[in-house]
Amino acid sequence: MEEEEEQHLIGHDSGSESGPMVSATVGRAMTTLLSANPKKLQDAISNLHSPPKIAPLTVSMEQSLWFLHKYIGEAAETGEHLDQVLVPILQHTLTTRESKRGSNVLILLNWLFQDEVLFQVTVTNLAAVISRRDDRYVALGWCILGRSLIEYENVAKNVTTNAIREKYDVILKIFCSCVTHLLSIICKGSNMHEGFELPTRLAVAAADFILSLTVALTRKDLPSNNITKRQTSSFVTAKSQPLNSLVTATNDRDEDTLRKASELPPSLELKFLLWNNLEELITLVKKLTAWSRKSRSLQAKGLERVLKWLKELKQHNSSFQDETELQMLKTGSLLLTSCWKHYGMLLHLEDHKISQQHKELLEQYLSGIQFYADDQAEEHDASKSSKSKTINFFLNCLLLLLGRLDNEQFANAVTEFGSQVSQVLISQLRYPDEEVINGAISIFKAVVLGTNHTLSKRSLGDVRQMDALLPLLLNLLDERDAAAKAIVKLLAEYCSICSDSECLNEVLKRIVSKNVAQRRNAIDFLSDLIHLSSGSTNTLPQACWQDVANHLLECLGDEDQIIKDQAAKLIPMIDPPLVLSTLVDLSYSTQESVQISASTALVALLVNHKHNPEILCLLLDCLSKLSQNPDSGAVIGTKEGSTLDADRLLKLLSEWAKHVEDWHVVVGPLIDKMLAEPSNALIVRFLSHISEYLAEAVHIVFNRLVSYMREQKVIDECNSKWKGRTDSKSEAMKHEHCLFNRLCPLLIIRLLPLRVFDDLNSPLVYGDLPSNSALRENRQINIEVSDCIAALMISRALSKSEFEDVRKLAAELCGRIHPEILVPILSSELEAAANAKDVFKIKVCLFSFCTSLMVRGNSAYKHPNVFIIRKTIHQILSWSSVDSDEISKAQHGCIDCLALMLCTEIQSPKSSKGTAIARDSVLAYVTNQLTGDENDSSFESEGGDTVTGATARLSFRLCMANVLISACQKISDAGKKSFVKKIVPCVIRSIGEIVEPDIRAACVQVLFSVAYHLKSSIFSHSNDLLSVALKSLRDGSQKERMAGAKLVMCLMASEEDVVESISAGLLEARALLQKLSSTEPSPDVRQICRQLLVFLTSR
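Residues numbered from 1 in each chain as written. Predicted model: local features only at pLDDT ≥ 70, side-chain atom pairs only at ≥ 80, totals over all residues. Heavy atoms only, no water.

A. Representation of the overall build of the chain. In terms of regular secondary structure, the chain is built from 59 helices and two strands. Of all 1099 residues assigned to the chain, the portion counted as buried reaches 54%. Counted over contacts in the chain with a minimum sequence separation of 6, partners at least 24 positions apart contribute 74%. Counting every atom, the chain has about 51,000 Å² of accessible surface; 50% of that belongs to carbon and sulfur. (Helix = DSSP H or I, 4+ residues; strand = E, 2+ residues; numbered from the N terminus. Buried < 20%, exposed > 50% of the residue type's maximum accessible area, 1.4 Å probe, protein only. Contact = heavy atoms within 4.5 Å. Areas by Shrake-Rupley, 256 points an atom, 1.4 Å probe, with all protein chains shown as cover.)

Structure below.
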């Protein structure tokens, strides 16, 4: 009958419905047991001796207990998992964590653990369910339940836990198999926030479980060691599995490790399991460190030190010799156990117990440090090393303990123990171990600054603690050691958040100390202070920063190179207005070392602020002020005369310019400053050093200039009013200011590279001028209607009311305009000016075209409208003129223009080949006009004027000779040979055909210019040239004889190969010169002949 009741109670009916019925029964049983009153549940367990009577409508607590017992027992036999039992338990643990009914789980587990078989199957399934069930809520409940089992003594209140206590060591061993899976949860359980890792709730629970487990492995008084194992329940008999087989089944990842563990005494077995998880501890501490960095800076420091110790421990014990393996294993595991007992306890993320006893622990750790610090007896090295490690252990514990306290707890701890902590730690700052010093200074800093968390947007108001300790700390800055290094960092951080400047002033006094160690420590302090304050809103008062800046500038003259170099690196990080003026002065110091350091710092400062044009403007102001009074600064030594060599400093800015990435930000303000200070030559010189970079943002430059020049479009009456007179000094200054206002935009344009004028589609440069092709055919282009750079320059060049300096510069700059735009405009303007005999405009047009030929070369010369310019030049050269009159000056411009056209033509690749002269070339035009004797009806003969058409023709031909003479002076080296090949034979041949003596003399003069200016290229023509010269001396007019004598002199002074070539003809020359030196009627010719004769005789 009892068997039938048991079968009915469990639900083992035959048929397909048995599975769901069992699950439903398990669910009802677990609900009944977990929701029961804890006291009633314990009473039910105590009174459970036989299967209860079956109630038809309800399931009693006793029935549920009996059912659970039978269900787990059968699962142990069949090997089925217990998820239907364990998952409700884990869910109940999670939902009733802070409830009184949460103890029901421990009551049930303690009852199940009393049976060896049930214990083994329950704990084994519990260890496996977390990896089998991919459910974060199950995992969270598991971590909470597991920690409760490990810490049952603190969790279970008024609950019987005798079976848990008895099986405690086995529970720990089985739980060790779960550490690897839990670590994977921890490693994946982080969220990034503002660049920091923050843990999830599950990751926190998993970390706390591992900490509880590993700390439990360090216990010496395990509860199970003091309890006699009890017999199993009277209503179940089962064979107990051997303990070793159970552990092997649950943790078989390292058979060799377990073999070593089996060789250890039972008292060391759990400690070795802790050692076996050393790698897992390292991984855990890494994650805890990452999680602490955002808000628990002090604890993060402690964690970093613990992590370093764990790694060193692993490395030191990673390999053993066979004969000492067991002993080393014991030593390593014992060391890890003794330290981890405290570290693990202090690392819990959720543990109110530690917070409640933090004062007791604080006293304990301080006493430990004090004890070992007071032991000053002479010790051997091994003992000193052991002592350092022990002190480091206590310091680590202090860091972890103080780092985990909340703000209120930490403040209370500092109030109560602050002086004691300071006294203990001060003594450690002299300890000969850098790690001890670093640990002590970390705690000391937290106490002094009054916070164990990361400082952010706060300042330190209470300075009493530091005021009391400052003298002691400053004394530690007399040496260069680890203590001084640590104190420097502490004082720098303190000063970076403290509004009181006493500490800063005390350290700054050491900048001028005779002790180099004090000075180096002071400069290190300033370095840390500047880096800490960089980008911070909690900066020092401006007056303090000025003091810092002044001391750093003084350090540029320090005799210690290390201090000098460090100051040069720090000055660029200071607010520029605080240092720039003095830095410019120091850049001109008579001490070369100071000059170099200041220049280096100045360039670095500009690079740091490369996109801040205000700093550049400030630099230019400082340099301008210094240049106006170069002897004003005490740091400025004697200079060449009284002029400041500003270019030496401005050239340094090329290094700054290389680092500028966005010139659009910089260029605009610089141009504005130039326009605002048009008479400041320093700005122009500065811009000249960065002209290539200005082109990168040329549209900004031109936009500023167009707007500026448009406002000046109609010149004031100031020019005409002040022209030729200055009524007073103030009026003269106004006149000068007006002049520079008009010059300024043109000076900026002159700085720009030529390529900025190449874009014909640029509206800022050319406006609508490219679209005026129809107007060009009528040669009527109205440049006044276009507001663009080209039109504005041309307008200023052609304006008669403009300042002369402005007109000249504008005319020169017009030569940069693209020939497609410039040449049609100039040909039109020049033709109109020639028709009106407007000499002013003629000179402007000719000058602009000459400039265009020089900068644009063949592209300007090849323009079709150049023919119109040549025709107009012919017209102007045919005018009658008197020396030095305006027409004569215009004709000189025509000569230079034709000479440049000729040079451009000859230098072109096509014309440089051969000796033939193209019919339509400028060279053909010039030589034909020079050598042709026929009359030209185009030459005027003004009525009543004694000057005839023939005289005008003669004057015109002489102009052609002057064109060739001018070309000799202007031709480039690349075109010299081609020029000589084309000109010399043609002129020599024509001399014998020309009737007019003055023209023949002019031709000889052309040959003289060729020989004088192109002497390296005349070798092949040297004998012909000598023949022409001798013929002119023998048969020519006075002018011909003079030109011939000069040609002979030039040939005799030529290169050796030329002289050797003409040596045979020099005999004839000698005889002729002897004759002329006595018979020549012209004194000038006679004198030069005598000089040549003396020269020939002396050779």
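There's more to say after this.
B. The arrangement of the pattern of salt bridges in detail. Applying the stated rule across the entire model yields 42 salt bridges. Residue K167 pairs with E166 through a salt bridge whose shortest N-O separation is 3.7 Å. When sorted by exposure, K167 lands in the same class as E166, which is buried. Between R520 and D560 there is a salt bridge, and its shortest N-O distance comes to 2.9 Å. Note that R520 is positioned in helix α28 (residues 516–533) and D560 in the loop between α29 (542–555) and α30 (561–570), a separation of 40 residues in sequence. When salt bridges with common partners are traced through the structure, they connect R147, E151, D208 and D351 into a single cluster. (Salt bridge = Lys/Arg side-chain N within 4 Å of Asp/Glu carboxyl O.)

C. Seen up close, the nonpolar core. Within the largest apolar cluster, 370 residues are counted, with the highest numbers of intra-cluster contacts made by W142, W340, L473, L491 and W656. Broken down by element, this core gets its largest block of residues, twelve residues, from helix α50 (residues 886–907). Look past the residues within four positions of W142 in its chain and what remains in contact with it is L90, L126, A127, V129, I130, F175, C178, L182 and F209. (Core = buried A, V, L, I, M, F, W, Y, C linked by side-chain atoms within 4.5 Å.)

D. Local environment of the packing of aromatic side chains. Counting across every chain of the model gives 17 aromatic pairs. Considering the side-chain rings of F175 and F209, the 5.5 Å spacing of their centres and the 65° angle between planes classify their relative orientation as edge-to-face. Here F175 is found in helix α11 (residues 168–176), whereas its partner F209 is found in helix α13 (residues 201–216), with 34 residues between them in sequence. For the pair F175 and F209, a shared accessibility class is recorded, and that class is buried. Ring geometry for W656 versus F686: centroids 6.2 Å apart, planes at 35°, classification tilted. A residue pair is termed long-range when its members are at least 10 positions apart, and W656 in helix α35 (residues 653–659) and F686 in helix α37 (residues 681–689) qualify at 30 residues. (Phe/Tyr/Trp six-rings, centres within 6.5 Å; stacked < 30°, edge-to-face > 60°.)

E. The arrangement of the packing of helix α23 (residues 407–428) against helix α24 (residues 434–449) in detail. For the pair α23 and α24, the least separation of the axes is 9 Å and the interaxial angle reads 145°. Remark: the crossing between α23 and α24 carries left-handed chirality. Counting all contacts with α23, which are made through F410, V414, G418, V421, S422, L425, I426 and Q428, the residues of α24 involved are V436, I437, A440, I443, F444, A446 and V447. Partitioning the contact of α23 with α24 into residue classes produces twelve nonpolar, three polar and no charged. (Axes fitted to C-alpha atoms, helices over the stretch in contact; angles between N-to-C directions. Left-handed = near helix turned anticlockwise from the far one by under 90°. Nonpolar A, V, L, I, M, F, W, Y, C, P; charged D, E, K, R; others polar.)

F. Looking closely at the pairing of strand β2 (residues 196–199). Both strand β1 (residues 190–193) and β2 contribute to a ladder of four bridges, which runs antiparallel. Within the sheet, the bridge partner assigned to N191 lies in β2 and is L198. (Pairing = 2+ DSSP bridges.)

G. A look at a negative patch on the surface. Among the surface-exposed residues, E1055, E1056, D1057 and E1060 lie close enough to one another that they form a single negatively charged patch. Tracing the backbone through its elements, the reader meets E1055 in the loop between α56 (1038–1052) and α57 (1056–1061). (Patch = residues over 30% accessible without salt bridge, like charges linked within 9 Å, V, L, I, M, F, W, Y side chains within 5 Å. Lys, Arg positive; Asp, Glu negative; His and termini not counted. Charge placed at Lys NZ, Arg CZ, Asp CG, Glu CD.)

H. Representation of the side chain of Q518 within the structure. Its location among the elements puts Q518 in helix α28. Setting aside chain neighbours within four positions, we find Q518 in contact with L477, D478, R510 and S513.

I. Molecular detail of the environment of T600. As for its placement among the helices and strands, T600 is situated in helix α32 (residues 592–608). Expressed as a C-alpha distance, the spacing of T600 and S587, which sit 13 residues apart in the sequence, is 8.9 Å.

J. Spotlight on the side chain of K287. Mapping K287 onto the fold places it in helix α17 (residues 278–292). Given the relative accessible area of 13%, K287 is considered buried. A distance of 2.6 Å separates the side chain of K287 from the side chain of E197, its partner in a polar contact. In contact with K287, not counting residues within four places along its chain, are I186, C187, S190 and E197. (Polar contact = N/O pair within 3.5 Å; in protein donor to acceptor, adjacent residues only side chain to side chain.)

K. Structural detail: the confidence of the model for the chain. Overall, the predicted model of the chain reaches an average pLDDT of 82, with 83% of residues at or above 70. Scored below 50 in pLDDT, residues 227–254 shows 41 contacts in the model against residues more than four places distant or in partner chains. Counting contacts from residues 941–947, a segment whose pLDDT is below 50, to residues more than four positions away or on other chains yields five contacts. (pLDDT = per-residue confidence, 0-100.)

L. Seen up close, the packing of helix α5 (residues 83–95) against helix α7 (residues 116–132). Interhelical geometry of α5 versus α7 gives an angle of 75° and a closest axis separation of 10 Å. Relative to α7, the element α5 is oriented roughly perpendicular. On the side of α5, the interface is formed by D83, L86 and L90, while α7 contributes T122, N125, L126, V129 and R132. Partitioned by chemical class, the residues of the contact of α5 with α7 number four nonpolar, two polar and two charged. (Parallel < 35°, antiparallel > 145°, perpendicular 65-115°, else oblique.)

M. Here's a closer look at the environment of L217. Checked against the element boundaries, L217 lands in the loop between α13 and α14 (243–250). For L217, a relative accessible area of 1% translates into the label buried.

N. Layout of the environment of L1047. With respect to the helices and strands, the residue L1047 is situated in helix α56. Leave out the neighbours within four places in its chain, and L1047 touches V1004, L1007, F1008, A1011, L1025 and A1029.

O. Spatial organisation of helix α21 (residues 358–374). Between its first and last C-alpha, α21 extends 24 Å over 17 residues, near the 24 Å set by a 1.5 Å rise per residue. For α21, the full list of buried residues reads H358, L361, L362, Y365, L366, G368, I369 and A373. Considered in projection along α21, the buried side chains sweep an arc of 150° and stay on one side of the axis. For α21, the exposed residues lying more than 90 degrees away from the buried face are E360, F371 and D374. (Expected span 1.5 Å × (residues − 1). Arc of directions from axis to C-beta.)

P. Representation of α13 within the structure. The terminal C-alpha atoms of α13 lie 23 Å apart, and with 16 residues this matches the ideal 22 Å at 1.5 Å per residue to within 8%. Counted residue by residue, α13 has 15 buried out of 16 residues, so it is predominantly covered.

Q. The state of the cysteines, seen in detail. Inspection of every chain in the model, using the stated rule, returns zero disulfides. A disulfide-free cysteine, C814 has its sulfur positioned 9.0 Å from the sulfur of C845, the nearest such atom. (Disulfide = S-S within 2.5 Å.)

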